[in-house]
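Listed below are the residues making up each chain.
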Amino acid sequence: MKCKCEIAHKKMTMALKIMKLTIYCMIATISISFCFIAFGFFSEATLGFWVSINAVRAGLYLSIFSLTSIIPWMYANRLFAQGRRILGIPNVLYANAPGNFLVKTLGFLMTKKAYEYIVVQIIADHREEHFDSLAAGNFWHAHYVVFRMYAFVVLSLAMALVGNISSAFFSTAIRLFSGK
Amino acid sequence: MRISHVQYEVLSLVIQKPGIYGLEMVKASDKLKRATIYVHLSRMEDKGWLRSEAEKEPAVSGMPRRRYFPTGEGQRVFKAQSAFVEAYQDFLGAGA
C-alpha cells in the first residue's frame, strides 16, 4: 500500500512534467512566430543589399531561432531544476551505462571469446573511468571517455580481424609452398 | 620462439603481479596502449603463455574483468627472452 506522501510526490512530479511540456510548447510557438515576423522584416528595403545573400539570411534566422528558443529553454530547465530542489523532489536522471548498445549488438554478433576477451574488457575500463569523471563533475571528460571507448572497440576489433586474416593467409601459403 | 617487446612487457608484468588485469598493466607500463592491450592478451592466451579467469563478482562497471596469470610455458619463454636480452646488452656494452 502506498503512503499519502508517495502519492502526493507522484502527483507533484506529474504536474511539473505537464508544466514543463507546456512551457516547451510555448517557447517553440514563440520562436516560430519570431521567425515569421523576421521573414517579413528581412528585405532589401529594410536591411539593405546584404540580406539578399542567402547565407546572411540563414545566419540571421539561425540567430533569431537560438535567441528565442535555446536560451529560454536553458533557463526553463534551470528554473525547473530549482523548483524540484525547493519542493524536495530528487532531480535524478536514470540512463543506460555507456556502451549499452555495443554490449547488446556485439554480444549477439560476435563469438563469445572475442566478445568476452576484448569488447567486455574495453567497456569495463571505460565505464569505470566514465563514472569517476562524472563523480568528479568533469562532464566533458566523461563524454570524451565514451567517444574513446567506441573508437577503441572498433580499433581493437579491426586489429584482431586483420591479425586473424593475415595469420590464416600466411599459414595457408606456407602449407601450400611446403607441400604439406 | 618469437616474442615481441609488447608481449615481453606483458609477461614481465604478469609474472611480477599474478592476477593483474588489462588496465592495471596499461597504467604500470608506458609501452602498453589501451587500444591494443586486449588483442595482445588474447593472442598470448592462445599461444598458451597466459591463462585468465573472469572475476566472480562484476566490478563497478557491471561487467566481469579478466585477471591474467602466467603459465609454465609463459615463464619459460620469459626466462629465455630475459637471458637473450641480457646477453645482447652485454654484447652492446662490450662493443662500446
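Predicted model, so just to flag it, every value in this text is computed and none were measured.

**Remarks on the environment of L16 of chain A**
Residues and elements named next belong to chain A.
No. 1: Tracing the sequence through the fold places L16 in helix α1 (residues 4-41).
No. 2: Separated by 68 residues in sequence, L16 and R84 place their C-alpha atoms 8.4 Å apart.
No. 3: With near-sequence residues (within four places) excluded, L16 lies in contact with F80, R84, L87 and I89.

**Considerations on the interface of chain A and chain B**
No. 1: Taken residue by residue, the interface counts 24 residues in chain A and 20 residues in chain B.
No. 2: Contact between chain A and chain B buries roughly 2,000 Å² in total, counting both sides, with carbon and sulfur atoms accounting for 58%.
No. 3: Where chain A packs against chain B, one counts five salt bridges.
No. 4: Those elements that place two or more of their residues in the side of chain A that touches chain B are α5 (112-135) and α6 (139-178) of chain A.

**As for the packing of helix α1 (residues 5-16) of chain B against helix α3 (residues 37-47) of chain B**
Residues and elements named next belong to chain B.
No. 1: One can describe the packing of α1 onto α3 by two numbers: an axis separation of 11 Å at closest approach and a directional angle of 80 degrees. The angle between the axes of α1 and α3 places the two elements in the roughly perpendicular class. The segment α1 lies against α3, with V6, Q7, V10 and L11 engaging I37, H40, L41, M44 and K47.
No. 2: A per-class count over the contact of α1 with α3 returns six nonpolar, two polar and one charged.

**A look at the nonpolar core**
No. 1: Of all hydrophobic cores here, the largest spans 38 residues; its most connected members are V10, L11, M25, I37, L41 and L50 of chain B.
No. 2: Mapped by element, the contributors of at least two residues to this core are α4 (100-109), α5 and α6 of chain A together with α1, α2 (22-28), α3 and α4 (72-95) of chain B.
No. 3: Considering every element that reaches this core, the biggest residue donor is α5 of chain A, with eight residues.
No. 4: Those residues in contact with M25 of chain B that lie beyond four places of it in its chain are V10, L13, V14, I20, L32, I37, L41 and Y68 of chain B.

**Brief notes about the confidence of the model for chain B**
Residues and elements named next belong to chain B.
No. 1: Summary statistics for chain B give a mean pLDDT of 87 and a share of 97% for residues scoring 70 or more.
No. 2: Ranking the helices and strands of chain B by mean pLDDT puts strand β2 (residues 66-70) first, with 93, and α4 last, with 87.
No. 3: For this predicted complex, the interface score ipTM comes out at 0.81, alongside a pTM of 0.62.

**Considering the layout of surface pockets**
No. 1: Its volume calculated, the second largest pocket comes out at about 350 Å³.
No. 2: Of all elements in the fold, only α5 and α6 of chain A together with α3 of chain B reach the threshold of two or more residues within the lining of the second largest pocket.
No. 3: The element best represented in the lining of the second largest pocket is α6 of chain A, accounting for five residues.
No. 4: When the residues that make up the lining of the second largest pocket are grouped by side-chain class, the tally is four nonpolar, six polar and three charged.

Scoring rules and cut-offs
- Residues numbered from 1 in each chain as written.
- Chains lettered and ligands numbered in written order.
- Predicted model: local features only at pLDDT ≥ 70, side-chain atom pairs only at ≥ 80, totals over all residues.
- Heavy atoms only, no water.
- Helix = DSSP H or I, 4+ residues; strand = E, 2+ residues; numbered from the N terminus.
- Contact = heavy atoms within 4.5 Å.
- Buried area = accessible area lost by both parts, 1.4 Å probe.
- Salt bridge = Lys/Arg side-chain N within 4 Å of Asp/Glu carboxyl O.
- Axes fitted to C-alpha atoms, helices over the stretch in contact; angles between N-to-C directions.
- Parallel < 35°, antiparallel > 145°, perpendicular 65-115°, else oblique.
- Nonpolar A, V, L, I, M, F, W, Y, C, P; charged D, E, K, R; others polar.
- Core = buried A, V, L, I, M, F, W, Y, C linked by side-chain atoms within 4.5 Å.
- Buried < 20%, exposed > 50% of the residue type's maximum accessible area, 1.4 Å probe, protein only.
- pLDDT = per-residue confidence, 0-100.
- 1 Å grid on protein atoms, 1.4 Å probe; cavity = no way out; pocket = protein on both sides within 12 Å on 5 of 7 lines; lining within 4 Å.
- Points joined across faces, edges and corners; volume = space filled by probe spheres on them.

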